[in-house]
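Examining the three-dimensional arrangement
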Amino acid sequence: MDRIRICGSKSLKGKIQISGAKNSALPLITATLLTDQAVVLENVPALADIVSMSELLMQFGTKVEADLSHNRIQLQTTTATSLVAPYDIVRKMRASILVLGPLVARYGQAKVSLPGGCAIGTRPVDIHLDGLRQLGAEIELSEGYIIAKAPKGLTGADITMPVISVTGTENLLMAATLAKGTTRLINAAREPEIIDLANCLVSMGAKIQGAGSDTITIDGVSSLKGTTYRVIADRIETGTFAIAAAITGGDLLLKNSSLDLIPSVSAQLQRAGVLLDQVGTDIHVRAPNGIHGVDVMTEPFPGFATDLQAQMMALMTVCHGASMITETIFENRFMHVPELCRMGANITIHGSSALIRGVSQLRGAPVMATDLRASVSLVLAGLAAEGETIVHRVYHLDRGYERIEEKLNACGAVIERLAD
C-alpha cells in the first residue's frame with residue numbers, strides 16, 4: 001500500500017492548476033444513463049472514483065471511451081444490458097447511489113447495492129428512496145440491495161426533503177427529467193455541483209428552473225439527447241490549496257477557479273489573515289503575516305463546506321490563539337484529530353466541536369489517513385511540520401486529488417510517493 005513522504009517547513013510559491021470537480025463529474029457521468037446518445041465530458045479529473053464510476057456504468061452496457069490524461073471521457077448507453085449495480089463496485093464509494101434515479105427513470109427498474117465509501121458517519125439513502133416513491137416507484141430492500149420498479153414510468157410530484165441532501169437532490173433531479181408532468185424539489189441542496197448538473201441536463205434537453213435555490217422545478221420530457229459539457233472547477237481542491245498556501249506562509253496562484261465557489265471558506269480565511277484576490281479566472285493566495293484563530297461551523301452551501309473542515313483544522317493547529325471548529329454534517333468526521341495530535345497539535349474534542357490551541361511548530365511523524373479529506377489534512381500538516389512526515393493509506397487521497405504530489409512539488413514542496 002502506497003505511502004507519502006513529506007519533508008516540511010517549505011514555503012509554497014508558484015501556480016497550481018485546479019482540476020475539474022470530482023463531486024460534479026460523478027453525477028454528470030451517471031446522468032449520461034438518461035439518454036441513448038453519446039455525451040462527452042471535458043475537464044474530468046483523473047481520479048480513482050472516476051474510474052470506479054466508469055466501471056460501474058460499463059456493468060450496464062455503457063460504452064466508455066476515457067482519455068483521462070487529457071481529462072476527457074465519452075459515454076454512451078444505447079441500451080442497458082444489465083440494470084444491476086453490484087456490491088463489489090458500489091462498496092467503493094457512496095456516489096454509486098446516483099445511478100438509481102437515472103436507471104429507474106429511463107428503464108423503469110433498477111437493483112442497486114447499498115453504498116459504501118468513507119467511514120465518516122451515517123449517510124442514509126432514505127431521502128433518495130422516499131423521493132422516488134413519491135414519483136411513483138415501488139421500493140424494497142432485499143439482501144443489501146435497493147430494488148426499485150416503476151413499470152408505468154415516473155410521474156412528477158412535489159417533494160419536500162426533510163434535510164438538505166446533495167446526492168438526494170441530484171438523484172431526484174435526474175429522475176424527474178424523464179417523469180411525466182412537473183416535479184418540485186423543495187428544500188433542495190444549493191451547491192455549485194447541483195447547478196452544474198442542472199446546466200448539463202438542460203444542454204441535454206431537460207427543462208429545469210431554480211437550480212442553486214432551495215426550490216428546483218423540473219418539467220419532464222420524453223427523452224434527452226447527447227451533449228458536450230465542461231465540468232466546473234473543484235471548489236474543495238481550490239480551498240485545499242488555498243489552505244496549503246496559508247499553512248506554509250506561501251504565495252500561490254490557483255489557476256481556473258473562482259472565489260464564488262468557496263464564499264464562506266474564503267471569508268473565514270480572510271478573517272484568519274489570509275489574502276485572497278480574484279485575478280481574472282485565477283485566485284491569488286498569500287499569508288504574509290501569520291494566521292489568527294477563527295471559529296468555524298460546517299453547514300450546507302453556501303456555508304462552510306464539511307469537505308474542508310479537516311483542512312481548516314490543520315491550518316488552525318498553527319494559528320495564533322485558539323479556534324473552535326464545529327461539525328454539523330457528519331458525526332464521525334474528527335478521525336484526523338489523533339493523527340494531528342501525533343504531530344504536536346493541541347486539540348480537544350467536546351462532542352461535535354473541537355477546540356484547537358495553536359502551537360508554534362508541528363513536528364513530522366508517521367500518521368494514518370482514515371478518509372479522503374482527513375488524508376489531505378495530514379499532507380497539509382506535513383507541509384508545515386518540521387522534519388519528515390509519512391502518511392499511510394493514501395489510497396483515500398487518490399479518490400479526490402489529481403496529481404497532488406506533482407502539483408505541490410512544482411511549488412517548492414518536498415513530497416514523494418513511496419510504494420511498499
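Read on for an overview of the structure. Please read these numbers as outputs of a predicted model, since none were measured by experiment.

Points about the overall build of the protein
Along its length, the protein carries 14 helices and 24 strands. Principal-axis analysis of the C-alpha atoms places the extent of the protein at approximately 65 × 45 × 40 Å. When the 420 residues of the protein are sorted by exposure, 56% land in the buried category. Accessible surface for the protein amounts to roughly 15,700 Å². Of this, 49% is attributable to carbon and sulfur atoms. Charged side chains in the protein number 37 positive and 41 negative. The centres of these two groups are separated by 1 Å.

Some details on the environment of arginine 357
As for its placement among the helices and strands, arginine 357 is situated in strand 21 (residues 353-357). Classification of arginine 357 by relative accessible area gives partly exposed; the value is 38%. C-alpha of arginine 357 to C-alpha of lysine 207: the two residues are 150 residues apart in sequence and 50 Å apart in space. Excluding residues within four positions of it along the chain, arginine 357 makes contact with Thr317, Gly321, Ala322, Asn346 and Thr348.

Looking at the nonpolar core
Counting residues in hydrophobic clusters, the biggest one holds 73 residues, and the most contacted among them are Val99, Leu100 and Leu201. Setting aside its immediate chain neighbours within four residues, leucine 201 contacts Ala31, Leu34, Leu173, Met174, Thr177, Ala206, Ile208 and Leu224. Counting residues in hydrophobic clusters, the runner-up holds 70 residues, among them Ile18, Ile347, Ala365 and Tyr401.

Considerations on helix 8 (residues 235-247)
Taking 1.5 Å of rise per residue, the 13 residues of helix 8 would be expected to cover 18 Å, and the 18 Å separating its terminal C-alpha atoms lies within 8% of that figure. With respect to burial, helix 8 is a largely interior element, 13 of its 13 residues being buried. Within two residues after helix 8, glycine 249 carries a phi angle of roughly 60°, on the positive side.

Considerations on unusual backbone geometry
Along the chain, phenylalanine 301 connects to proline 302 via a cis peptide bond; the corresponding omega equals 15°. Positionally, proline 302 belongs in the loop between strand 18 (296-297) and helix 10 (309-316). With phi around 55°, asparagine 71 is a residue other than glycine that occupies positive phi space. Among the secondary structure elements, asparagine 71 is positioned in the loop between strand 4 (63-67) and strand 5 (72-76). With a phi angle near 50°, glutamate 143 is a residue other than glycine that sits in the positive phi range. Its place among the elements puts glutamate 143 in the loop between strand 8 (138-142) and strand 9 (145-149).

Overview of the packing of helix 8 against helix 10
Running from amino to carboxyl end, helix 8 crosses helix 10 at an angle of 5°, the nearest separation of the two axes being 10 Å. Classified by the angle between their axes, helix 8 and helix 10 sit roughly parallel to one another. Facing Ile236, Thr240, Ile243, Ala246 and Ile247 of helix 8, the residues of helix 10 in contact are Gln311, Met312, Ala314 and Leu315. Residue composition of the contact of helix 8 with helix 10, grouped by class: 7 nonpolar, 2 polar and no charged.

Focus on the packing of helix 6 (residues 166-176) against helix 7 (residues 192-203)
Their axes nearest at 10 Å, the elements helix 6 and helix 7 cross at an angle of 10°. As summarised for this structure, helix 6 and helix 7 are arranged roughly parallel, according to the angle between their axes. Residues Val166, Thr169, Glu170, Leu173 and Met174 of helix 6 touch helix 7, and the partners they reach there are Glu193, Ile194, Leu197, Ala198 and Leu201. The class makeup of the residues in the contact of helix 6 with helix 7 is 7 nonpolar, 1 polar and 2 charged.

Remarks on the pattern of salt bridges
Scanning the entire structure with this criterion turns up 16 salt bridges. A salt bridge links aspartate 158 to arginine 184, with the shortest nitrogen-to-oxygen separation between them at 3.1 Å. With a gap of 26 residues between them, aspartate 158 in strand 10 (residues 158-160) and arginine 184 in strand 11 (residues 182-186) connect regions that are remote in the sequence. A salt bridge links glutamate 193 to arginine 235, with the shortest nitrogen-to-oxygen separation between them at 2.8 Å. Pair noted here: glutamate 193 is in helix 7 and arginine 235 is in helix 8, with a separation of 42 residues, a long-range link. What makes glutamate 193 buried here is its relative accessible area of 4%. The class for arginine 235 is buried, based on a relative accessible area of 11%. Among the charged side chains, a salt-bridge network with shared partners connects Asp2, Asp398, Glu405 and Arg417.

A word on the sheet that holds strand 12 (residues 207-209)
The strand order 10-11-13-12 describes an open sheet built from 4 strands, whose pairing is mixed. At either margin of the open sheet sits one strand with a lone partner, and together these are strand 10 and strand 12. Neighbour to neighbour, the strand axes of the sheet diverge by 15° on average, direction disregarded.

Conventions we followed
Residues numbered from 1 in each chain as written. Predicted model: local features only at pLDDT ≥ 70, side-chain atom pairs only at ≥ 80, totals over all residues. Heavy atoms only, no water. Helix = DSSP H or I, 4+ residues; strand = E, 2+ residues; numbered from the N terminus. Buried < 20%, exposed > 50% of the residue type's maximum accessible area, 1.4 Å probe, protein only. Areas by Shrake-Rupley, 256 points an atom, 1.4 Å probe, with all protein chains shown as cover. Lys, Arg positive; Asp, Glu negative; His and termini not counted. Charge placed at Lys NZ, Arg CZ, Asp CG, Glu CD. Contact = heavy atoms within 4.5 Å. Core = buried A, V, L, I, M, F, W, Y, C linked by side-chain atoms within 4.5 Å. Expected span 1.5 Å × (residues − 1). Axes fitted to C-alpha atoms, helices over the stretch in contact; angles between N-to-C directions. Parallel < 35°, antiparallel > 145°, perpendicular 65-115°, else oblique. Nonpolar A, V, L, I, M, F, W, Y, C, P; charged D, E, K, R; others polar. Salt bridge = Lys/Arg side-chain N within 4 Å of Asp/Glu carboxyl O. Pairing = 2+ DSSP bridges.

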